[in-house]
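# Summary of structural features
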Amino acid sequence: MRNSQCRTTTVRLYISQIFHQQKQYKHAAKITSEEAAVSLSGYVYTILSLLSLSVQIAVFRMHYNSRGRMKLVSDALRLGCFLLSAPFKAVHWASFKVASDVIDWHPLELLAKGSKYALLILNQPIEFTKSTAVMIWNRASIRATVDGGTNIWFKFSEGIENEIGLSNPIPDLVTGDFDSAETRCLKYYQEHGAKVIHTPDQDETDFNKCIRELSTELVARELKVNAVIAVCENTGRLDHILSNLNTLQKARDILGSVPLYLLTHSSISWVLHTGRHRIHVDDRVIDQHCGLIPLGQPAYVTSSGLKWDMDCLKLEFGGLISTSNKFTDQATVTLETDRPILFTMTLPPWK
């Protein structure tokens, strides 16, 4: 039964990656001729397959006296479908092999000097030490505060510019519906050059809307970042915590290939989408905790490099989820999943 499930998972993984690959074209500024050919191949093959299916249904409905003649027509069309789609399939398969390459992650190097990341401050207390918080702020390429996070950062940074080397406490963007942000904070930042953007739409969270505004600002500035990091402790209301996880999963539709991370003073979390992944760590996290949590639907996961590895193991709520797993002395953790999962890990002190 397990082998059958794994084979089904492999097919599902292949199909998911093909559809995601075509979906990603929306985020590309330029489409190469090869990508265009791959996209065309998928649509042509789909049309041919639907045509063949339609003919087969028609055959099934025909009177049995005509079945022999119609079967010849059906077989001819199916053969034509195969022959015409073969070159497109070849291109599509080659592209899938590229798309299914392992994605490398370096979570312990996200905040290193020279890293290019966007920083968001959400509406949760900042529990980093002052020096660590200032380091994270100073190294960011662009900074935004989200509604009540504006108050949080204003009070945190007030009076420490000269104390521990805070280079510029003014965020580039301040966004939200402003039901939490204090008027004095908004006015102060606007007067000092911040772009204050009111986002009243109640069908999305302030976090989600901020990502949209950030994406627009990155394009306007022609600024490229390798990650978006949202500082937010996992405390307070459970519905807010779950909403943040929902934004993590949805972020790829807005940011494309730029990953979104949730950063607390002691952990970092992000989504591993369908495919194969390689997470690079070091001896600072030996025996430290990590977790793999399915998001919204069951996921079959295979791993190596963890204390409790998985072999095409089904993770789902109501069944098994991998909490309180641990890193070993392996410098690399490899994972493969057929559905999006949340990966969360304990962090050592930042350098």
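Because the structure is predicted, anything quoted here is derived from the model rather than measured.

### A few points about helix 8 (residues 238-250)
Helical geometry note: an α-helix holds 3.6 residues per turn, so side chains three or four residues apart project in the same direction. Between its first and last C-alpha, helix 8 extends 19 Å over 13 residues, near the 18 Å set by a 1.5 Å rise per residue. Against helix 7 (206-221), strand 7 (260-263), strand 8 (267-272) and strand 15 (341-346) lie the buried residues of helix 8.

### Some points on the environment of Pro-107
Mapped onto the secondary structure, Pro-107 falls in the loop between strand 1 (103-105) and strand 2 (117-121). Along the sequence, Pro-107 and Ile-268 sit 161 residues apart, while their C-alpha atoms lie 7.9 Å from each other. Apart from the residues within four sequence positions on either side, Pro-107 is in contact with Ile-268, Trp-270, Ile-279, His-280, Met-345 and Trp-350.

### Quick notes on the confidence of the model for the protein
Per-residue pLDDT for the protein averages 82, and the proportion of residues at 70 or more is 70%. Across residues 18-39, where pLDDT falls below 50, the model places 27 contacts with residues more than four positions away in sequence or in other chains.

### Some thoughts on the packing of helix 5 (residues 148-157) against helix 6 (residues 183-191)
Across the interface, helix 5 lies against helix 6 with an axial gap of 9 Å and an inter-helix angle of 70°. Classed by the angle they form, the pair helix 5 and helix 6 counts as roughly perpendicular. Here Thr-150, Asn-151, Trp-153, Phe-154, Lys-155 and Ser-157 of helix 5 lie close against helix 6, whose contacting residues are Arg-184, Cys-185, Leu-186, Tyr-188 and Tyr-189. Partitioned by chemical class, the residues of the contact of helix 5 with helix 6 number six nonpolar, three polar and two charged.

### Some details on helix 6
Within helix 6, the full set of buried residues consists of Cys-185, Leu-186 and Tyr-189. The arc that holds the buried residues of helix 6, viewed along the axis, is 100°, so those residues lie on one side. Helix 6 presents Thr-183, Lys-187 and Glu-191 as exposed residues on the side facing more than 90 degrees away from its buried surface. Lining the buried residues of helix 6 we find helix 5, strand 4 (173-176) and strand 5 (195-198). Just downstream of helix 6, Gly-193 is the residue with a positive phi angle, here 105°.

### Quick notes on the sheet that holds strand 5
Pairing is mixed in the open sheet, where 10 strands are placed in the order 5-4-3-2-6-7-8-15-10-13. Only two strands of the sheet have a single partner each, and these edge strands are strand 5 and strand 13 (322-326). Direction aside, neighbouring strands of the sheet carry axes that sit 20° apart on average. Sheet analysis places strand 8 next to strand 15, joined by six bridges and oriented antiparallel. The partner of Leu-272 across the bridge, within strand 15, is Ile-341.

### Structural notes on the sheet that holds strand 11 (residues 299-304)
Spatially, 1-9-14-11-12 is the arrangement adopted by the five strands of the open sheet, whose pairing is mixed. Whereas interior strands pair on both sides, the edge strands pair on one side only; in this sheet they are strand 1 and strand 12 (313-315). Taken over all neighbouring pairs, the strand axes of this sheet differ in orientation by 30° on average, direction set aside. Relative to strand 12, strand 11 runs antiparallel, the two sharing three bridges. Each bridged residue has a counterpart across the sheet, and for Tyr-300 the counterpart in strand 12 is Lys-314.

### So, the pairing of strand 2
Among the five residues in strand 2, five count as buried, and that is most of the element. Across five bridges, strand 2 lies against strand 6 (residues 227-231) in parallel orientation. For Ile-121, the partnering residue across the bridge sits in strand 6 and is Val-231. Two elements, strand 2 and strand 3 (residues 142-146), share four bridges in a ladder whose sense is parallel. Bridged to Leu-119 within strand 3 is Arg-143. Viewed along the sheet, the connection from strand 2 through helix 4 (residues 130-139) into strand 3 turns out right-handed.

Rules of the game
- Residues numbered from 1 in each chain as written.
- Predicted model: local features only at pLDDT ≥ 70, side-chain atom pairs only at ≥ 80, totals over all residues.
- Heavy atoms only, no water.
- Helix = DSSP H or I, 4+ residues; strand = E, 2+ residues; numbered from the N terminus.
- Expected span 1.5 Å × (residues − 1).
- Contact = heavy atoms within 4.5 Å.
- pLDDT = per-residue confidence, 0-100.
- Axes fitted to C-alpha atoms, helices over the stretch in contact; angles between N-to-C directions.
- Parallel < 35°, antiparallel > 145°, perpendicular 65-115°, else oblique.
- Nonpolar A, V, L, I, M, F, W, Y, C, P; charged D, E, K, R; others polar.
- Buried < 20%, exposed > 50% of the residue type's maximum accessible area, 1.4 Å probe, protein only.
- Arc of directions from axis to C-beta.
- Pairing = 2+ DSSP bridges.
- Right-handed = clockwise from strand over helix to strand, strands pointing away.

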